[in-house]
Amino acid sequence: MLRRLLPLLPPLLLLTACAAASDRGDERIIRVLDPPIVVGEMFASRPADLDAGHFTLMHPTDLRVQGDTVIVVDNGSDRIVLFDPALQPLGDFGRSGFGPGELEAPLYVQVWNDQYVVGEGNSQRLSFFDRNGEFVRMLRLPGSLGFFDFGDDGTLYIASRDPEHYLTAISPDGNVRRFARRPDGIYGPEDRDEYGLPRSAGWELVAVTDGGRIHVVDNHLGLLLRYDTAGDLQLMKELPPELLQPLRKERDEFVGAFVKRGVRVLAAPLMKGLTVNPDGSLFLLFRVDDVAGAVLDPVDYSSRLVQMPPNPVHEKLVLNASAAVIRGDTLYAVADFGLHAFHLRVP
């Protein structure tokens, strides 16, 4: 079956003027804390297969964790599959189709207002289901499906291809507005495509945390930006050079390989996902050597890296994940290979 394509402490007064200037130059860089979070042994797994029972996953693309439920999008079977923390099946819902309650190429899932909200790639809509998997309603999107999340008041924030704003905001009453203006001066000519659009347009990652914090990842430049509910920029950071430079190099080599074959690539995202962990922290998913991502404080973006020790089998499962969530001392990750759960050594 063909797979669907989409998608500080205050400075010490004794610092010299030179050192203080250096610190100010680093204010935009995310602070990485030691020690890292280390991925341990895998204790549960649901490998992807074509036919190995009703709850077999065919092509999982996204997941979230709510309470004791692991919620997985199975793009290959057009459904949502629910598991307990040990990955024992709890149930599933959804069937192929374009009608109410049916799913066509589901890609993303969020949990809002005790409902599961599923983003569908082929139908450009969101479908809402209650905790029992019963269909509630659907929302047609004004543009293509992108990463999305909800504010406490029910406002939908979704990645946008607008040249001046990262997101589109859709309020519960249906009002649609451009949201999260892109900062002035961050793009050079090489950061825009032939149509003048920022190369990240439509591929931004978005997540919403408590306190009305709307987090956006500029997926071309590698910037993390935080906005308030009025759409005003509150914070902007970027990954440390030792992480950002390898990501950009890999991206440029990927694009260059296609260019040599005469294939045009309009966008190549740096990072794979941004999820809200059950404890309210953020998990930014990317791959640099043995690093599988970073757990971020939603207030100041200080972070701990998630590190994968050498293990030929587990490395493949974690470092190639398309989505991941940390719940306590457990990492849940989905990839083409299936759904897997790992113990973590958390500081």
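Keep in mind that this is a model prediction, so the values were computed, not measured.

J.: Please set out the environment of phenylalanine 147 residue by residue, giving values where relevant.
T.: By the secondary structure assignment, phenylalanine 147 is in the loop between strand S9 (135-140) and strand S10 (148-150). With a relative accessible area of 18%, phenylalanine 147 lands in the buried category. Residues phenylalanine 147 and glutamate 204, 57 residues apart in the sequence, show an inter-C-alpha distance of 7.0 Å. In this structure, phenylalanine 147 is in contact with Tyr108, Tyr157, Ile158, Ala159, Trp203, Glu204, Leu205, Val206 and Lys272, ignoring residues within four places of it in sequence.

J.: Just give me the short version of the pattern of salt bridges, but keep the residues and values in it.
T.: Opposite charge on two side chains allows them to pair when their charged atoms are near. Taken as a whole and judged by the stated rule, the model has 13 salt bridges. For aspartate 68, the salt bridge goes to arginine 327, with nearest N and O atoms at 2.4 Å. Taken together, the residues span a long stretch of sequence, with aspartate 68 in the loop between strand S2 (60-66) and strand S3 (69-74) and arginine 327 in strand S22 (residues 323-327) at a distance of 259 residues. With a relative accessible area of 25%, arginine 327 lands in the partly exposed category.

J.: Run through the sheet that holds strand S14 (residues 205-209), naming residues and quoting values.
T.: What the four strands build is an open sheet, ordered S14-S15-S16-S17; its pairing is antiparallel. The sheet is open, and its two borders are formed by S14 and strand S17 (233-238), each paired with just one other strand. Sheet twist, expressed as the average angle between the axes of neighbouring strands with direction ignored, equals 20°. Relative to strand S16 (residues 223-227), strand S15 (residues 213-218) runs antiparallel, the two being bridged by five bridges. When the sheet's bridge partners are listed, histidine 215 is paired in S16 with arginine 226.

J.: Report on the side chain of histidine 215, specifying residues and quantitative values.
T.: Tracing the sequence through the fold places histidine 215 in strand S15. One polar contact links histidine 215 to threonine 209, side chain to side chain, over a distance of 2.7 Å. Those residues within four positions of histidine 215 in sequence are excluded, and the remaining contacts are Leu205, Val206, Ala207, Thr209, Leu225, Arg226, Leu274, Leu282, Pro298 and Tyr301.

Thresholds applied
Residues numbered from 1 in each chain as written. Predicted model: local features only at pLDDT ≥ 70, side-chain atom pairs only at ≥ 80, totals over all residues. Heavy atoms only, no water. Helix = DSSP H or I, 4+ residues; strand = E, 2+ residues; numbered from the N terminus. Buried < 20%, exposed > 50% of the residue type's maximum accessible area, 1.4 Å probe, protein only. Contact = heavy atoms within 4.5 Å. Salt bridge = Lys/Arg side-chain N within 4 Å of Asp/Glu carboxyl O. Pairing = 2+ DSSP bridges. Axes fitted to C-alpha atoms, helices over the stretch in contact; angles between N-to-C directions. Polar contact = N/O pair within 3.5 Å; in protein donor to acceptor, adjacent residues only side chain to side chain.

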